[in-house]
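# Commentary on secondary and tertiary structure
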Amino acid sequence: MSAVRVTVLLPLPFDHPFDYALPDGMALCAGDLVSVPLGKRMVVGAVWDDAPHTTLADGASVRLKEVAAKLDAPALPDDLRQFIDWVAHYTMAPRGAVLALALKANLLAPVGLARGSRRAAVAQPNPDFPGPVLSAAQAQEAARLQALVQARDFSVTLLEGVTGSGKTEVYLEAVATALRGGRQALLLLPEIALSAQFTARLAARFGAAPAVWHSALSPAQRRATWRGVAGGQGVAGGQGVAGGRISLVLGARSALFLPFADLGVVIVDEEHEAAYKQEDGVIYHARDMAVVRARLAGCAAILASATPSLESSVNAAQGRYRHGVLAARHGGAAAPMIETVDLRLAPPERGRFLSPVVIEAMTAALAGGAQAMLFLNRRGYAPLMLCRRCGHRVSCPNCTAWLVAHRARDRLLCHHCGHTIQVPTQCPSCKAAESLVPIGPGVERIAEEVQAVLPQARQLLMTSDAIGSAAQAQAAVGAIEAGSVDVVIGTQMMAKGWHFPNLTLVGVVDADLGLAGGDLRAAERSAQLLHQVAGRVGRAEQPGRALLQTYQPDHPVMQALASGDLAGFRTAEADLRRPGHWPPFGRLAALIVTADEAEAVTAACRALAMQAPMQAGLVVLGPAPAPFAMLRGRHRWRFLLKAERRVPVQAVLRDWLARVPLPRSVRIIIDIDPISFL
C-alpha cells in the first residue's frame, strides 16, 4: 500500500516545511491551513508544496505522522506564500518565523456574533463617493496613478510633494480606481497614532471607514479583519460586515502579511520613515517589502513623502521608479517660513531651554488666536541624572544607557529594556544626599518651562508615554482641532502626517540633536524630520513659521532647510556616498553577536574574524563593541559588511556562518540593509 505526502510549514522558527502523511479521504491544496502533530502537541501550519500530493513507498510512509485536520479557514494565497519565501530568503530569517507574521492561531477561530444579537452589515467603501475638487496639478498626477492601477501590472511610483500639497487626496484616487475594479487596497502608516485621523479622512472620502490593522486591536478584531481580507466575513472600521470581502485596509507594517485575495494597490505613506523598519524578530523594512508584495501581486505600489529617502530618490533618478511631483501646497496655502535661531546669539535664560526669540513668537501666535507647537525628540523630563558631587551618572544595569527621568511618574526609566526605579534620594556611588540633578531637557521639562513663561496657555503633551493607543490619539487630535489646546509639545510622533489648520508656529528646541553620532544617515534623517515638523504649520489660510534652535546654523542641514533646497541637499548627500559604495550605491549587512557572558561574545567574534570573507567588492568592518554594548542584559559586538551592489550578500553570509560553529549560548542577529547602528 502507498501513502500521500504533504509538506507543511509551521509558524515556528524552522526554515523548512515538515512532511506529513495525508489521511484517506482528505484533499489538500497548497496554502490550505491544517492542524498537525509536532511532538506531543498540535500546531497549525500551512500546506506549502505547490504540488502537495506525492506518492510514498510503504516503508517511507510508516515514519510520517498524519495531518490531523483541515481547518475551516481561508487558504493562504499563492502570492502571499511567495512573499513569505522571498522575505525569508532576503532577510535570512527562518521561513517559519516569517509565516508567523501572517499566521497566528488566534486568527483562525470562527468569527463570532455579539451575544444575543446579530451584527448589522455596514457600507463598503464607495469609490464613486464624492471626493474633494483637485487642482490641475493634482488631477494630472492622479490620472497617471489611476492609469497604472488600471493596467493591473506591477509598477512603483515615488509620489513626492511638499507638505500640504495634497498627496493623500491624489493617491486616494488610485485607491478609488482599485476599488472600482473590484480589487483591494492597502495603505501603510508609520505610526499607529495616525490611524484615527486617517480613518476619518478615508471615511469622508469613501463614505465608509476602512478596516484597520495594528497591534493595538483586540484578538476578535484582528481575527475578523484577517478573514474579511481573505474574502470571508470581516470588519470595516471595527464594525461587522455581513458577507463580502474587505476592500480597503489601513495598517501598520504587519498588514503586508494579510492574505489579500486580489490586491490592486499598495501605498506607503511617509515612505522615508525609519519606523517602517522592524528591528526585532524578523528584521525587515516594510517600504522595501511593500514593493516586493506589489510585484508578486502584480499591482501598483505608491511611495509617498514630502522628504523622500535617498534610496527611493536614487531609484527614481535611475528610472526604476516613476517620479511624480507636487511642487505647491494645495488651495493657495504658502510653505512655512523656516528660520534658524542661533543659540550663541540668542541663548535661553540660565536653567532654561527656550530662546527669547521662540518665547516671543509663541506669545504673539497665542495672542492672535493661533496655536503653537514645540518639538523635542526626547521623552521624559531629562535624559540623564547626574551627581553634582562625584559626577556619577545613573545608568541601567541591563543596558549601556542612562536612565531617563520621568517626573510625571517620579521614576527613572530605561527606554530600551523598561527597567525602572524610583528617583534615588542619595547618589548610588558616593551616597551624598539630594545630590542628583537632571541634565538636559525632555518634553516634560519643556512643558514645565512653558507653564512658567506662559501660565495661561493650555498645554498638551503628544508622546508615546502620554498617547499609547489610537483612541487616545483621537482624543488628542479632537482637542487640538476644537481649539481646546494652545501649545502642543511633542516628540517625533508630531512629525508624521497631522493636519491642524490653526497651527501657525513650531519651535524646534534642539535642532542639532540628530546630527551627532556615526550614523551615515544622520544628516538625511535630521533634514527629513525637521522639514516634516515644519510642515505641520501654515496648512490653511494663515501663514506658518518654523524656528529651529541650533548652535550650528551653518550646518548643511540647517542651510538646506532655511533655503528650502532639500533636492540640492539630497544631491550633495548622494555625491558623498557614491564613491565609497555606501547605500544606496552599495549594500550593508550587520552581524550582531550576542550572549549573556562577555567572554562568549569575544570568543565567538574571534572565531568569526578568523573566517571572515575576503573577496573583491566586499569589506568586513569589525568586530567591535556595539554602541549599546549591553542591551537587555546581553553583551553585544558587531560586524558590518559593506559591499558593492553586485555582491550577493546573503550567499556570502551563509557561507561564512556555515564555516564557524558557535556554542548555543551565542546568538547571531542578521540585519540586511541596517538603518540603525546601535
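As a reminder, the structure under discussion sits directly above these lines.
Conventions used here
- Residues numbered from 1 in each chain as written.
- Predicted model: local features only at pLDDT ≥ 70, side-chain atom pairs only at ≥ 80, totals over all residues.
- Heavy atoms only, no water.
- Helix = DSSP H or I, 4+ residues; strand = E, 2+ residues; numbered from the N terminus.
- Expected span 1.5 Å × (residues − 1).
- Buried < 20%, exposed > 50% of the residue type's maximum accessible area, 1.4 Å probe, protein only.
- Arc of directions from axis to C-beta.
- Contact = heavy atoms within 4.5 Å.
- 1 Å grid on protein atoms, 1.4 Å probe; cavity = no way out; pocket = protein on both sides within 12 Å on 5 of 7 lines; lining within 4 Å.
- Points joined across faces, edges and corners; volume = space filled by probe spheres on them.
- Nonpolar A, V, L, I, M, F, W, Y, C, P; charged D, E, K, R; others polar.
- Salt bridge = Lys/Arg side-chain N within 4 Å of Asp/Glu carboxyl O.
- Core = buried A, V, L, I, M, F, W, Y, C linked by side-chain atoms within 4.5 Å.
- Axes fitted to C-alpha atoms, helices over the stretch in contact; angles between N-to-C directions.
- Parallel < 35°, antiparallel > 145°, perpendicular 65-115°, else oblique.

### Concerning helix 12 (residues 470–481)
The end-to-end C-alpha distance of helix 12, which contains twelve residues, comes to 16 Å, matching closely the 16 Å that a straight helix rising 1.5 Å per residue would cover. Listing the buried residues of helix 12 in full gives Ala-470, Ala-473, Ala-476, Val-477 and Ile-480. All buried residues of helix 12 project into a common sector of 120° when viewed along the axis, lining one side. Every exposed residue of helix 12 that faces more than 90 degrees away from the buried side is listed here: Ala-471, Gln-474 and Ala-475. For helix 12, the secondary structure elements touched by its buried residues are helix 6 (195–206), strand 19 (371–375), strand 25 (459–462) and strand 26 (487–490). Once helix 12 finishes, Gly-483 follows within two positions and takes phi at roughly 80°, a positive value.

### Focus on empty space enclosed by the protein
Counted according to the given criterion, the structure contains three cavities of 30 Å³ or more. Quantified by volume, the largest cavity comes out at close to 60 Å³. What lines the largest cavity is simply Thr-307, Pro-308, Glu-524, Ala-527, Gln-528, Leu-566, Phe-569 and Arg-570. Contributing elements (two or more residues each) for the lining of the largest cavity: helix 13 (522–534) and helix 15 (566–577). In terms of residue class, the lining of the largest cavity is made up of four nonpolar, two polar and two charged. What the second largest cavity holds in volume is close to 50 Å³. Lining the second largest cavity, in full, are Tyr-90, Thr-91, Lys-277, Ile-283, Tyr-284, His-285, Asp-288, Met-289, Ile-672 and Asp-673. Among the elements of the structure, helix 2 (78–91), strand 15 (284–285) and helix 8 (286–297) are those that each provide at least two residues to the lining of the second largest cavity. Its residues assigned to classes, the lining of the second largest cavity shows five nonpolar, two polar and three charged.

### A closer look at the environment of Leu-256
Residue placement: Leu-256 occurs in the loop between strand 12 (248–251) and strand 13 (263–269). Taking C-alpha positions, Leu-256 is 9.6 Å from Leu-187, a pair spaced 69 residues apart along the chain. Beyond its immediate sequence surroundings of up to four residues, Leu-256 is in contact with Phe-83, Leu-186, Leu-188, Ala-286, Met-289, Ala-290 and Arg-293.

### Remarks on the pattern of salt bridges
For the structure on display, the rule yields 30 salt bridges. Arg-144 is the partner of Glu-141 in a salt bridge, and the nearest nitrogen-oxygen pair spans 3.6 Å. Highlighted residues: Glu-141 and Arg-144, both in helix 4 (residues 136–150), separated by three residues, approximately one helical turn. With relative accessibility at 41%, the residue Arg-144 sits in the partly exposed group. Between Glu-573 and Arg-577 there is a salt bridge, with the nearest N and O atoms lying 3.3 Å from each other.

### A word on the nonpolar core
Ranked by size, the top nonpolar core spans 76 residues in total, and within it Leu-186, Trp-226, Val-249, Leu-256 and Leu-653 carry the most contacts. Broken down by element, this core gets its largest block of residues, seven residues, from helix 8. In this view, Trp-226 contacts Leu-33, Pro-74, Leu-76, Ala-102, Leu-103, Leu-107, Leu-108, Trp-213, Leu-258 and Pro-259; residues no more than four positions away in its chain are not counted. Of all hydrophobic cores here, the second largest spans 66 residues; its members include Leu-187, Leu-202, Ala-473 and Ala-476.

### Quick word on the packing of helix 6 against helix 12
Relative orientation of the contacting elements helix 6 and helix 12 amounts to 70°, with a least axis distance of 8 Å. By the angle between their directions, the pair helix 6 and helix 12 is classed as roughly perpendicular. Touching Ser-195, Ala-196 and Gln-197 of helix 6 are Ala-470, Gln-474, Val-477 and Glu-481, all from helix 12. Within the contact of helix 6 with helix 12, the residues separate by chemical class into three nonpolar, three polar and one charged.

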